[in-house]
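# Observations on the model geometry
Next come the chains, spelled out residue by residue.
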Amino acid sequence: HAKRTGKGQYRFFHETMAIKAKKRLEMETYMHNAVANNELCLYYQPVMEVASGRLIGAEALMRWESPQLGFLPPNDFIPLAEDNGLINQFGEWAIREVCRQHKAWQQLGLGNLAIAVNLSSLQFNQASFIPMVAGIIKEFGGNPTFLTFELTESMIMADTDNILEKLNNLKDLGIKLALDDFGTGYSSLRYLNRFPLDTLKIDRSFVKGLPDNADAAAIVSAILAMAKALNLDTIAEGVETQQQKAFLQNTSCHAVQGFYFSKPIPVAEFHRYWEKQKAVS
Ligand code: C2E
Ligand code: MG
Ligand code: MG
Ligand code: MG
């Protein structure tokens with residue numbers, strides 16, 4: 001009997017793997033046409049200055065609206081796009097799209113909001129990455145004072161010696177650099193100084209415990225003190241409550257983003273959020 005159960009379980013496992021592989025293959029097929037068919041879009045999450053409560057920027061977050069597979073968040077398709085290399089095409093699209101969007105906002109007279117876009121390490125490590133970015137910047141007139149690239153710790157701690165050069169190239173193009181999900185990777189603190197970073201984004205796993213969890217409170221306070229000493233800007237991610245916001249205000253965190261203010265929202269909704277903000281401030 002036990003043997004039969006075992007065999008059944010094995011077959012079940014086997015079929016699940018087959019279904020997974022089939023779904024993956026299906027997704028991959030549709031994915032190849034996502035950019036050409038205009039199925040990718042960017043949602044924008046407001047970034048608020050803590051001291052003033054004003055809207056100062058937005059993080060652009062990718063979504064895939066697949067006619068066949070439905071609405072997909074990045075965690076559902078970016079890992080596969082990284083495996084098959086399509087992330088390079090997706091990432092290039094995202095950079096061009098935020099530049100286009102920023103220009104459109106300026107033409108509408110909405111103003112000059114800072115916009116952050118996430119990079120993948122595969123994309124960053126392409127030999128053609130810097131020329132690609134330079135090309136897009138040139139397309140849009142050459143002075144991207146609004147633009148920040150979000151990098152992860154593993155991207156810049158990798159054992160490649162042209163990383164510093166690449167980061168400097170981006171800075172020379174006028175792009176700001178933020179270290180995303182700070183504290184979750186293995187940062188060597190020495191690198192924080194060595195690399196031309198502008199902003200630390202405190203990971204939401206630390207913000208989550210604020211203000212009651214003593215460890216979380218100590219870690220966030222320490223990160224903020226260090227950032228201040230190193231002259232780095234700070235954004236806390238994943239702020240969901242008024243209490244978290246108050247803690248970050250008392251510890252002089254510069255900016256915050258999170259569901260307490262707004263989820264990432266489509267462009268039309270973001271416009272309304274922006275207009276509403278202008279009315280109150
Ligand atoms: P991330 O860059 O750390 O983005 C923050 C994520 O946290 C977003 O998830 C956002 O919706 C979520 N978030 C924001 N505030 C809160 C909050 O208060 N509570 C909670 N529970 N979550 C919050 P999302 O949009 O699903 O993106 C997930 C990740 O996918 C991003 O993490 C980023 O690493 C990656 N990603 C998104 N867009 C792109 C892109 O264009 N290119 C690349 N390479 N990666 C991207
Ligand atoms: Mg990010
Ligand atoms: Mg993050
Ligand atoms: Mg994250």
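Residues numbered from 1 in each chain as written. Chains lettered and ligands numbered in written order. Predicted model: local features only at pLDDT ≥ 70, side-chain atom pairs only at ≥ 80, totals over all residues. Heavy atoms only, no water.

The protein chain is annotated in an unreviewed UniProt entry as cyclic-guanylate-specific phosphodiesterase from Methyloglobulus morosus KoM1.

### Points about the pattern of salt bridges
One pass over the full model with this rule turns up seven salt bridges. With a shortest N-O distance of 3.5 Å, arginine 96 and glutamate 92 are connected by a salt bridge. Placement of the pair is arginine 96 and glutamate 92 together in helix H3 (residues 87–107), with a separation of four residues, close to one helical turn. In this structure glutamate 92 comes out as partly exposed when scored by relative accessible area, which is 28%. For the salt bridge of glutamate 150 with lysine 201, the shortest nitrogen-to-oxygen distance reads 2.7 Å. A residue pair is termed long-range when its members are at least 10 positions apart, and glutamate 150 in strand E5 (residues 147–152) and lysine 201 in strand E7 (residues 199–202) qualify at 51 residues. Judged by its relative accessible area of 2%, glutamate 150 is buried. Lysine 201 gets classed as buried once you look at its relative accessible area, which sits at 1%. (Salt bridge = Lys/Arg side-chain N within 4 Å of Asp/Glu carboxyl O. Helix = DSSP H or I, 4+ residues; strand = E, 2+ residues; numbered from the N terminus. Buried < 20%, exposed > 50% of the residue type's maximum accessible area, 1.4 Å probe, protein only.)

### So, the packing of helix H5 (residues 129–139) against helix H7 (residues 163–172)
To characterise two packed helices, one gives the angle between the axes of the helices and the distance between these axes. For the pair H5 and H7, the least separation of the axes is 11 Å and the interaxial angle reads 5°. Considered as vectors, H5 and H7 are oriented roughly parallel to each other. Along the contact surface, H5 presents Phe129, Ile130 and Val133, while H7 presents Lys166, Asn169 and Leu170. For the contact of H5 with H7, the class distribution of residues is four nonpolar, one polar and one charged. (Axes fitted to C-alpha atoms, helices over the stretch in contact; angles between N-to-C directions. Parallel < 35°, antiparallel > 145°, perpendicular 65-115°, else oblique. Contact = heavy atoms within 4.5 Å. Nonpolar A, V, L, I, M, F, W, Y, C, P; charged D, E, K, R; others polar.)

### Quick look at the coordination of the magnesium ion (ligand 2)
Within the first shell, the magnesium ion (ligand 2) binds the protein through Glu59 (OE), Asn118 (OD1), Glu150 (OE) and Asp180 (OD), at distances of 1.9 to 2.3 Å. Here the donor residues of the magnesium ion (ligand 2) share one chain and are spaced in sequence as E-x58-N-x31-E-x29-D. Between the magnesium ion (ligand 2) and the magnesium ion (ligand 3), a spacing of 3.7 Å is present, and a bridge between the two is formed by aspartate 180. Residue asparagine 118 is found in strand E4 (residues 114–118), and its partner aspartate 180 is found in strand E6 (residues 176–182); the two are separated by 62 residues along the sequence. (Donors = N, O, S within 2.8 Å, 3.2 Å for Na, K, Ca; no water.)

### Thoughts on the site of ligand 1
Around ligand 1, the surrounding shell holds 22 residues, and the nearest of these are Arg63, Asn118, Asp180, Glu240 and Phe259. Contact distances for ligand 1 include 3.0 Å between an oxygen atom and a side-chain N or O atom of aspartate 181. Contact with the protein chains covers 83% of the free accessible surface of ligand 1, which is 800 Å². Structurally, ligand 1 is housed in the largest pocket. For the shell around ligand 1, the secondary-structure elements that each account for two or more residues are strand E2 (55–66), helix H2 (74–84) and E6. Per-element tally for the shell around ligand 1: the top contributor is E2, with four residues. (Near = heavy atom within 4 Å. Polar contact = N/O pair within 3.5 Å; in protein donor to acceptor, adjacent residues only side chain to side chain. Areas by Shrake-Rupley, 256 points an atom, 1.4 Å probe, with all protein chains shown as cover. 1 Å grid on protein atoms, 1.4 Å probe; cavity = no way out; pocket = protein on both sides within 12 Å on 5 of 7 lines; lining within 4 Å. Sits in = over half its atoms within 2 Å of the grid points.)

### A short note on H5
Looking only at H5, the buried set comprises Phe129, Ile130, Met132, Val133, Ile136 and Ile137. One face of H5 carries all of its buried residues, which in axial projection span an arc of 160°. Turned more than 90 degrees away from the buried face of H5, the exposed residues are Pro131 and Lys138. Residues of H5 that are buried make contact with H3, helix H4 (121–125), E5 and H7. (Arc of directions from axis to C-beta.)

### Things to note about the environment of glycine 109
In this structure, glycine 109 sits in the loop between H3 and E4. With 151 residues separating them along the chain, glycine 109 and tyrosine 260 place their C-alpha atoms 27 Å apart.

### Observations concerning the layout of surface pockets
Taken as a whole, the largest pocket spans an internal volume of roughly 1,100 Å³. What lines the largest pocket is a set of 39 residues, and nearest its centre among them are Glu59, Leu61, Pro74, Asn75 and Asn118. Here the second largest pocket is characterised by a volume of approximately 360 Å³. Lining of the second largest pocket is provided by 24 residues; of these, Ala114, Thr148, Lys176, Asp233 and Ile235 occupy positions nearest its centre. Elements represented by at least two residues in the lining of the second largest pocket include exactly E2, E4, E5, E6, E7 and strand E8 (233–236). When the residues that make up the lining of the second largest pocket are grouped by side-chain class, the tally is eleven nonpolar, seven polar and six charged. (Points joined across faces, edges and corners; volume = space filled by probe spheres on them.)

### A word on the side chain of threonine 234
Its place among the elements puts threonine 234 in strand E8. A distance of 3.1 Å separates a polar side-chain atom of threonine 234 from the backbone nitrogen of histidine 254. Once residues within four sequence positions are removed from consideration, threonine 234 is found in contact with Thr199, Leu200, Leu224, Ala227, Ser252, Cys253, His254 and Ala255.

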